[in-house]
Amino acid sequence: MSSIELKNVSCSYDGGKTYALKNIDMSMDKEGRYSLLGPSGCGKTTLLKIIAGILEYEGEVFFNGENMRDVPIEERDIAMVFQSPVVYPMTVYDNLIFPIRRKNSSMKEKEKKVQEIADLLGLGSILKAQAHKLGPAEMQTVALGRSLIKDAKILLLDEPLTSIEAEKRLILRTKIKRIQEEEQKIFIYVTHDQTEALTLSDKIAVMDDGRIVQFDTKERIYDRPAHLFVGYFMGSPGMNILEGKVKAGRMHFRDFELPIPPEYKEYLAKHGEFKLGMRPENFIFSKTEKKDFFLFNCIDIQEKGEGVRVLYLKSKDGYNELKAVGTFADIKAGEKVWVHFPIEELRVYDKKSEQIVA
Ligand SMILES: Nc1ncnc2c1ncn2[C@@H]1O[C@H](COP(=O)(O)OP(=O)(O)O)[C@@H](O)[C@H]1O
Ligand SMILES: [Mg+2]
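Everything quoted here is computed from the prediction, not taken from an experiment.

This part covers the overall build of the protein. Of the regular secondary structure elements, the protein holds nine helices and 20 strands. C-alpha atoms of the protein, sized along the principal axes, occupy 75 × 45 × 35 Å. Intrachain contacts of the protein at a sequence separation of at least 6 include 66% that bridge at least 24 residues. If you sum the accessible surface of the protein, you get close to 17700 Å²; carbon and sulfur atoms cover 49% of it. Side chains of the protein give 54 positive and 55 negative charges; the mean places of these two sets differ by 1 Å.

Once that is clear, we can look at the domain arrangement of the protein. For the protein, the assigned domains read domain 1 (4-227) and domain 2 (240-349). In this structure, domain 1 and domain 2 have C-alpha centres spaced 40 Å apart. Residue-level contacts link seven residues of domain 1 with seven residues of domain 2. Run the count over domain 1 and domain 2 and you get one salt bridge. A salt bridge links Asp-223 to Arg-347, with the nearest nitrogen and oxygen atoms 3.3 Å apart. Inspection of the domain 1/domain 2 interface yields five residue pairs in polar contact (both at pLDDT 80 or more). Counted by class, the side of domain 1 that touches domain 2 contains four nonpolar, one polar and two charged residues.

Ligand 1 sits among Tyr-13, Ala-20, Pro-39, Ser-40, Gly-41, Cys-42, Gly-43, Lys-44, Thr-45 and Thr-46. At 3.5 Å, a side-chain N or O of Tyr-13 approaches a nitrogen atom of ligand 1. Contact between ligand 1 and Cys-42: an oxygen atom at 3.2 Å from a main-chain N or O atom of the residue. Taken together, the residues of the shell around ligand 1 break down into four nonpolar, five polar and one charged.

The next thing to look at is the side chain of Arg-76. Secondary-structure assignment places Arg-76 in the loop between strand S5 (66-67) and strand S6 (78-81). Look at Arg-76: it is buried, it has no salt bridge, and the nearest opposite charge is Asp-70 at 7.9 Å. At 2.7 Å, the side chain of Arg-76 and the backbone oxygen of Val-71 are in polar contact. When near neighbours in sequence (up to four residues on either side) are disregarded, Arg-76 contacts Ile-50, Ile-51, Ala-52, Gly-53, Phe-63, Met-68, Val-71 and Ile-154.

With that settled, consider the sheet that holds strand S7 (residues 154-158). Strand order in the open sheet made by the six strands is S6-S7-S8-S3-S9-S10, with mixed pairing throughout. A strand with exactly one partner marks an edge of an open sheet, and here the two such strands are S6 and strand S10 (211-217). Strand-to-strand twist in this sheet, taken as the mean axis angle between neighbours without regard to direction, amounts to 15°. The pairing of S6 with S7 spans four bridges and is classified as parallel. Looking across to S7, one finds that Ala-79 is bridged to Leu-155. Sheet strands touched by helix H4 (residues 136-149): S6 and S7. Its angle to S6, the strand with the most contacts, is close to 175°.

Omega for the peptide link from Ser-236 to Pro-237 comes to 0°, which places this bond in the cis form. Inspection of the secondary structure puts Pro-237 in the loop between helix H8 (228-233) and strand S11 (240-247). Despite not being glycine, Arg-254 shows a phi value in the positive range, around 70°. Positionally, Arg-254 belongs in the loop between strand S12 (250-252) and strand S13 (257-259). Even without glycine at this site, Phe-328 takes up a positive phi of about 45°. We classify Phe-328 as buried; its relative accessible area is 13%.

Turning our eyes to something else, we now look at a nonpolar patch on the surface. Taken together, Ile-54, Phe-82 and Val-86 make up a surface patch of nonpolar side chains, about 220 Å² in accessible area. For Phe-82, a relative accessible area of 32% gives the class partly exposed.

Count 3.6 residues to each turn of an α-helix, and residues three or four apart come out pointing the same way. Of all nine residues in helix H1 (residues 44-52), seven are buried; the element is thus mostly enclosed. Buried within H1 are the following residues: Lys-44, Thr-46, Leu-47, Leu-48, Ile-50, Ile-51 and Ala-52. Just past H1, the residue Gly-53 takes up positive phi, approximately 85°.

Conventions used here
- Residues numbered from 1 in each chain as written.
- Chains lettered and ligands numbered in written order.
- Predicted model: local features only at pLDDT ≥ 70, side-chain atom pairs only at ≥ 80, totals over all residues.
- Heavy atoms only, no water.
- Helix = DSSP H or I, 4+ residues; strand = E, 2+ residues; numbered from the N terminus.
- Contact = heavy atoms within 4.5 Å.
- Areas by Shrake-Rupley, 256 points an atom, 1.4 Å probe, with all protein chains shown as cover.
- Lys, Arg positive; Asp, Glu negative; His and termini not counted.
- Charge placed at Lys NZ, Arg CZ, Asp CG, Glu CD.
- Domains from an automatic or database assignment.
- Salt bridge = Lys/Arg side-chain N within 4 Å of Asp/Glu carboxyl O.
- Polar contact = N/O pair within 3.5 Å; in protein donor to acceptor, adjacent residues only side chain to side chain.
- Nonpolar A, V, L, I, M, F, W, Y, C, P; charged D, E, K, R; others polar.
- Near = heavy atom within 4 Å.
- Buried < 20%, exposed > 50% of the residue type's maximum accessible area, 1.4 Å probe, protein only.
- Pairing = 2+ DSSP bridges.
- Axes fitted to C-alpha atoms, helices over the stretch in contact; angles between N-to-C directions.
- Patch = residues over 30% accessible without salt bridge, like charges linked within 9 Å, V, L, I, M, F, W, Y side chains within 5 Å.

Shown next, in the form of structure tokens:
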């Protein structure tokens, strides 16, 4: 059993004037696949470096219940892969064996370990090549191999695929996924790419401006974003956000209205204004007028690929705009459509804090 716990962790690079991380509480309570996801500058690398023990911080970090304040990186059972790959100017083979050169095992065992990692990562044919002369994708693979050979309990990966072209990125992503399946470790994967986070983790910490906005399973992050930032950041396109008012026990949006979902009744009895979030995948369409369907104009359509399209819709009198995702083979730009909002897909957020209210 391995665990990492952060308690009220903050970090400032300018002596407390501004904070790159603000009051982070986070618990990774067992081996598994985690990721830190958020826009550039939100604090992902800072958080990873604090876990690695290479940055000063306020608050506490615990591994398996032990306070890590004075434990250096060498004693943390951690391997880290940086965004720009670190390889030594020597052969791939020598790079791979380097982290275990002083290990108390026979040369034969070490060679076997190098061979295993090389096979796993597809480096077998370039073991004799000079690592620093390889292309970025191969160098990144070597860096990954060097971090794996250490056999540490915790593997920290900081945007390892960012500088690699799309096709090779996909291949490497698959390799990382395979390693995750084979190794019992805590994987913490840092990325600004939601597809990578969804592929390579079970739980995602969505970060914004030095805070963790939601740390949850990927299903809940998609289905029940705790904050509109998460709803909008995750998804392609992100969640629809509409401003609404409560009138006569219903949610009003100027040119259409919806019933209040039961779980939000209590909140909306006390708050007259709110924001509504709804995923673009969840609407139901009709080409003709129907009960509980509202008139929208389809103003534009974009192909997303593989037959999936994004519809850009404006409500009857133009007060509300929506995006919808689906195949919609029979809807054309310029047409009228009737849209239904399934009540179980509606999420209500506080107008000011933009936090989900129930
Ligand atoms: N060495 C540093 N000195 C000063 N400010 C830094 C340093 N590293 C990062 N920052 C600042 O801290 C914030 C978080 O940065 P970082 O953790 O690198 O974000 P991310 O990895 O999410 O892009 C940013 O505002 C960044 O400018
Ligand atoms: Mg970074």
